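Structural overview for review
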Amino acid sequence: MQFKDIIRQDAVKKNLIQTVVTDRISHAQLFHGKLGYGSFALALAYAQYIFCSQKTPEDSCGECASCLKIGQLSHPDVHFSFPVQLEAKKKTSDDFLPSWREMIHRSPYASEQDWYHHTGNENKKGLIGVDESKRIAEKISLKSYEGGYKVSVFWLAENMNAAAANKLLKLIEEPPEKTLIFLVAESIESILPTILSRTQLTKIGPLSDSQVVEGLVNKMGASEQRATEIASYVNGDFSAALNELEMGEEKSFYFDNFVSWMRLCFKKDVAGAVKFVAEVQKMGKEKQKAFLLFVLSVFQKSLMGNFVGINHVKATEEQKKFIQNFMPYIHERNIGHLHEIMSEAYYHIDRNANAKILFLDLSFDLFKLIKK
Ligand SMILES: [Zn+2]
């Protein structure tokens, strides 16, 4: 993976390159930001840049032996750890490496949920356990194969349990020579403060809507119109954008669901809500989150429509038709409350709340809130 393959994040790239050029590479680094913003992709391109034998001031060459091996995720001195769904005989990332590699090859922006989907078990969260930390400690205490650095990359380091984290802390405190540890994390609340304080932080923020469009059009060949529509509700998360794109050009899945939901909320249709909620539960966690963001974005567009007129709202023609009728029901007296319940719902879904209960509660709130 070369820096040029990653959508934007120009300032981050520049800083990372600078550490190599000036020979100030920290031995423990934290890449904090969603995978869909490019946090892992950047860590990988950085490792490749460090190893590349023909690097330029802008990028790795992409062609030398090191670049090729890292590109295939099979460099003997670059190790990957990621959350796994433990089984009796499968306890470390090595046991799942071919499958994980396959997913990353398809998309270096792949999300945690993509990973569980890929393993065929979406309902169980993975873990980086103590066996994994032991394995890494062993690997990096050996001499490097090629005489240079040894790098250990933790994909979603926040999924480390306490025993693994303590073992890792020891490695960070007393690192073997020429060892680099890169932690990639979407959230840092559950990472040991003692680890945080010993790592160099690189923060990676969301892409702008236009950068998401650029990525979808240039990398995926999406139409400008479809890309713009998707970018308007994925909040700068390219993995969410890719999932959206995969769901098909024709069907606006979230929009159709949104329309059905609002119709039954208008009618205060309890039986309809129960049925709807059962369908939502089948979506799975990531889609539920994306759906909530989508709903929120339509609320905002409706409010905007009231102020500037429907023709100035960014939406497809079909959506505009609906929003035009819907927008009298969204105004400054309910938007604050709507925003609050949607954001709260997102928070709880993200932490594995029961989707059935949550969306039913939301429906009852909407029964009361959506009115002129
Ligand atoms: Zn190279």
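Residues numbered from 1 in each chain as written. Predicted model: local features only at pLDDT ≥ 70, side-chain atom pairs only at ≥ 80, totals over all residues. Heavy atoms only, no water.

With parallel pairing, 5 strands are arranged side by side in an open sheet as β2-β3-β4-β1-β5. Each of the sheet's edge strands pairs with one partner strand only, and the pair in question is β2 (78-81) and β5 (200-203). When the angles between neighbouring strand axes are averaged without regard to direction, this sheet yields 20 degrees. Relative to strand β3 (residues 150-155), β2 runs parallel, the two being bridged by 4 bridges. Across the sheet, residue F80 finds its bridge partner in β3, namely V153. The strands touched by helix α6 (residues 130-141) are β2, β3 and β4 (179-185); relative to β2, the strand with the most contacts, the crossing angle is about 175 degrees. (Pairing = 2+ DSSP bridges. Helix = DSSP H or I, 4+ residues; strand = E, 2+ residues; numbered from the N terminus. Axes fitted to C-alpha atoms, helices over the stretch in contact; angles between N-to-C directions. Contact = heavy atoms within 4.5 Å.)

One finds W100, W261, F299 and F359 to be the most contacted residues of the largest nonpolar core, which totals 103 residues. No other element matches the 11 residues that helix α2 (residues 39-51) contributes to this core. Both domain 1 (3-203) and domain 2 (251-369) contribute no fewer than three residues apiece to this core. Core analysis: the next-biggest nonpolar cluster, separate from the first, contains 20 residues, A28, L30, A137 and I181 among them. (Core = buried A, V, L, I, M, F, W, Y, C linked by side-chain atoms within 4.5 Å. Buried < 20%, exposed > 50% of the residue type's maximum accessible area, 1.4 Å probe, protein only. Domains from an automatic or database assignment.)

As far as domains go, the chain holds domain 1 (3-203) and domain 2 (251-369). Distance from the C-alpha centre of domain 1 to the C-alpha centre of domain 2: 37 Å.

So, on to the coordination of the zinc ion. Distances from the zinc ion to its protein donors, namely C52 (SG), C61 (SG), C64 (SG) and C67 (SG), fall within the range 2.3 Å. Going along the chain, you hit the donors of the zinc ion in the pattern C-x8-C-x2-C-x2-C. Here C52 is found in the loop between α2 and α3 (65-71), whereas its partner C64 is found in the loop between α2 and α3, with 12 residues between them in sequence. C64 shares its class with C52; the two are buried. (Donors = N, O, S within 2.8 Å, 3.2 Å for Na, K, Ca; no water.)

What follows is about the pattern of salt bridges. All told, the structure shown has 14 salt bridges when counted by the stated rule. Ionic pairing is found between E214 and R8, a salt bridge with its closest N-O pair at 3.0 Å. Taken together, the residues E214 in helix α9 (residues 209-220) and R8 in the segment before α1 (10-21) connect sequence positions 206 residues apart. One salt bridge connects E102 with R106, and the closest N-O pair in it is separated by 3.9 Å. Here E102 pairs with R106, and both are found in helix α4 (residues 97-106), just 4 residues apart, close to one helical turn. In this structure E102 comes out as partly exposed when scored by relative accessible area, which is 45%. (Salt bridge = Lys/Arg side-chain N within 4 Å of Asp/Glu carboxyl O.)

Our focus in this paragraph is unusual backbone geometry. Glycine aside, a negative phi is what most residues show, and trans is what most peptide bonds show. You will see that R8, though not glycine, has its phi angle at about 50 degrees, which is positive. One non-glycine residue, Q9, lies in positive phi territory at about 55 degrees. By secondary structure assignment, the location of Q9 is in the segment before α1.

Before going further, it helps to spend a moment on the packing of aromatic side chains. Summed over the entire model, instances satisfying the criterion amount to 31 aromatic pairs. Seen from their ring centres, F266 and Y329 are 4.6 Å apart, and the 70 degrees between their planes marks the pair as edge-to-face. Of the two residues, F266 is situated in helix α12 (residues 253-266) and Y329 in the loop between α15 (317-326) and α16 (335-350); the sequence distance between them amounts to 63 residues. Between the aromatic rings of F299 and F326, the centroid separation amounts to 6.2 Å while the plane-to-plane angle is 20 degrees, which identifies the pairing as stacked. One end of the pair, F299, is in helix α14 (residues 285-308); the other, F326, is in helix α15, with 27 residues separating them in the sequence. Comparing F299 with F326, the two get one shared label, buried. Its end group placed over the ring of Y49, K55 keeps NZ or CZ at 5.7 Å from the ring centre. Between the NZ or CZ atom of K178 and the centre of the ring of Y149, over which it lies, the distance is 4.8 Å. (Phe/Tyr/Trp six-rings, centres within 6.5 Å; stacked < 30°, edge-to-face > 60°. Lys NZ or Arg CZ within 6 Å of the ring centre and 35° of its normal.)

On to α1. The terminal C-alpha atoms of α1 lie 16 Å apart, and with 12 residues this matches the ideal 16 Å at 1.5 Å per residue to within 8%. The complete set of buried residues in α1 reads V12, K13, L16, I17, T19 and V20. Projected down its long axis, α1 shows its buried positions confined to an angular sector of 155 degrees, all on one face. Opposite the packed face of α1, turned more than 90 degrees from it, sit the exposed residues A11, K14, N15 and V21. Buried residues along α1 sit against β1 (28-32), α2 and β5. The positive-phi residue at the C-terminal boundary of α1 is D23, with phi of around 60 degrees. (Expected span 1.5 Å × (residues − 1). Arc of directions from axis to C-beta.)

Relative to the helices and strands, N15 resides in helix α1. Assessed through its relative accessible area of 54%, N15 is described here as exposed. Linking N15 and M327, residues 312 residues apart in sequence, is a C-alpha distance of 45 Å.

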